[in-house]
Amino acid sequence: MGDAQMEEGDNTREIEVAPALIAVDPAQRSVAVAVGSDLRVYDLIGDCPVSLVDDSAKPFHSDSIRAIRYDASGKLFVSAGDDKLVKIWSTDSWFCISSVCCEKRVSAVAVSNDGLFVCFADKFGVVWVVSLKGDAENQALADKKAAPMLAHYCSIITSLEFSPDGRFIVSADRDYKIRVTVVPKNPLDGAHEIQTFCLGHSEYVSCLDFIHSPDYPHGLLISGSGDSTVRLWDVTLGSLLDTCEIGSKFDRRFTFFLKAELSATDGIEEDPCHAVTDLCTCPNGTSVALAVQSLKGIMLLNCNLSAKTLSMAKVVLVEGETLIPTSLGTSLSEGLPWRVTIIS
């Protein structure tokens, strides 16, 4: 398990503190961490920090970073946040090849599977898209402007994901909704065809990811929520396949397991909140790692693809752990979960 730890310093908002974020290159060549407005990248091959180059601004972001993301090939990296900037980086040179301005603060980003489009969502629930077609690698992308793609109508979008086959873009929001939208031939013209909605969460949807399987080209969608559940969906129909309830409030198996593994004060706070703050799926398609609010460790779920069910596997703790994970990531090459933790 990879580990990245950073301590909160001056990057604190008066009202809201941005969670620490982590993103892992799909080939595990590098790992990126963002805390507040600070963005750092570490070269795992060269075993050294990466020097980021951005001729347009320094610091690279002037306010809290809310989303970081590699594309499927690992050749592009995107960072965005409260300074209303979306920065697109080439990972070959770690040069910022484009800095796109947004009217509102950015809450989520996604990159199309072919690496030709970058999508980002703002705090007003609008998803925007930028085309990278025809641009030479490592060259600055001049005058890139975003076009509106779809909207959730004044509901903050918390997560964006493209389906494995690229057919759908899935967006989740704080009003409990998950929308599945058909990706048009030209996303710049807008995505107007809604495939379905995945409805069932009773609190905000915090995170999304897809389970990849040859038997399901479009993938099976996993969602985590503030309602202490993780849910498995068929995105073509919007049907709920299974629900895994997290925490002692709902799941006696979880309580029994925790008591057997650790004392009440070692791993989980008294009267805790069991909101799922982040999740990531492993490339084998059968494991899901969860970050759960108040849990000083990572929970692992099993996904039975044939039965289309979720079940709890175990809780992974680091001996003497005092920090709570806020973000998770994984790579395609190793399939091991990485986490970033922050002192609360």
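Residues numbered from 1 in each chain as written. Predicted model: local features only at pLDDT ≥ 70, side-chain atom pairs only at ≥ 80, totals over all residues. Heavy atoms only, no water.

**A word on the packing of aromatic side chains**
This is how the line gets drawn: Pairing of aromatic rings covers Phe, Tyr and Trp, the last counted by its six-membered ring, and requires centre-to-centre distances within 6.5 Å; plane angles under 30 degrees mean stacked, over 60 mean edge-to-face, and any other angle means tilted. Working definition: helices are DSSP H or I runs of at least four residues, strands are E runs of at least two. Numbering for both runs from the N terminus. Exposure categories follow from relative accessible area, calculated using a 1.4 Å probe and restricted to protein chains: below 20% of the type maximum is buried, above 50% is exposed, and the middle band is partly exposed.
On inspection of all chains with the given rule, the structure shows 4 aromatic pairs. Aromatic side chains F60 and W89 sit 5.4 Å apart centroid to centroid with 90° between the ring planes, which places their arrangement in the edge-to-face category. Here F60, found in the loop between β5 (48-49) and β6 (65-70), pairs with W89, found in strand β8 (residues 85-90); they are 29 residues apart in sequence, far enough to count as distant. Neither residue differs from the other here; F60 and W89 are each classed as buried. Ring geometry for Y70 against W94: centres 6.3 Å apart, planes inclined by 85°, an arrangement best described as edge-to-face.

**Some words on the state of the cysteines**
Where two cysteines share a covalent bond between their sulfur atoms, that bond is called a disulfide. Short version of the rule: Cysteine sulfur atoms are paired as a disulfide whenever they come within 2.5 Å of each other.
On inspection of all chains with the given rule, the structure shows 0 disulfides. Residue C102 stays outside any disulfide, its sulfur separated by 8.9 Å from that of C101, the closest cysteine.

**Things to note about the sheet that holds strand β10 (residues 106-111)**
Just so we agree on the cut-off: Here a strand pair is declared whenever DSSP counts at least two bridges between the two strands. Axes, fitted as lines to C-alpha atoms, cover a helix only where it is in contact. Angles between the N-to-C directions of the axes lie from 0 to 180 degrees.
Read across the open sheet, the 4 strands follow the order β10-β11-β12-β13; overall the sheet is antiparallel. Each edge of the open sheet carries a strand with a single partner, namely β10 and β13 (147-151). Within the sheet, the average angular offset between the axes of one strand and its neighbour, ignoring direction, is 25°. In this sheet, strand β12 (residues 126-131) lies alongside strand β11 (residues 117-122) in antiparallel orientation, the contact comprising 5 bridges. For F120, the partnering residue across the bridge sits in β12 and is W128.

**Some words on the environment of D242**
For clarity, the cut-off: Contact definition: two residues touch when any of their heavy atoms are within 4.5 Å. Polar contacts, as used here, are pairs of N or O atoms within 3.5 Å; protein pairs need one atom able to donate a hydrogen and one able to accept it. Residues neighboring in sequence count only if both atoms are side-chain atoms.
Locating D242 in the fold gives a position in strand β21 (residues 239-245). The spacing of D242 and L232 is 10 residues in sequence and 5.2 Å in space, taken between C-alpha atoms. Sequence-distant contacts of D242, defined by excluding residues within four places in its chain, comprise V230, R231, L232, K308, T309 and L310. A distance of 2.6 Å separates a polar side-chain atom of D242 from the backbone nitrogen of L310.

**Some points on the nonpolar core**
Test applied: What we call a nonpolar core is a set of buried Ala, Val, Leu, Ile, Met, Phe, Trp, Tyr and Cys residues that are connected through their side-chain atoms within 4.5 Å.
Ranked by internal contacts, the top residues of the largest apolar core, which has 22 residues, are I211, I222, V230, I246, L290, M299 and L301. When residues of this core are traced back to their parent elements, those giving at least two are β18 (205-213), β19 (216-225), β20 (229-234), β22 (276-281), β23 (287-292), β24 (298-304) and β25 (309-316). Once residues within four sequence positions are removed from consideration, L290 is found in contact with V230, I246, V276, D278, L279, G297, I298, M299, L301 and L328.

**Examining the side chain of H152**
Take H152: it is sitting in the loop between β13 and β14 (157-162). Polar side-chain contacts of H152 include one of 2.7 Å to the side chain of S171. Ignoring sequence-local partners within four residues, the contact set of H152 consists of G125, I157, S171, A172, D173, K177 and R179.

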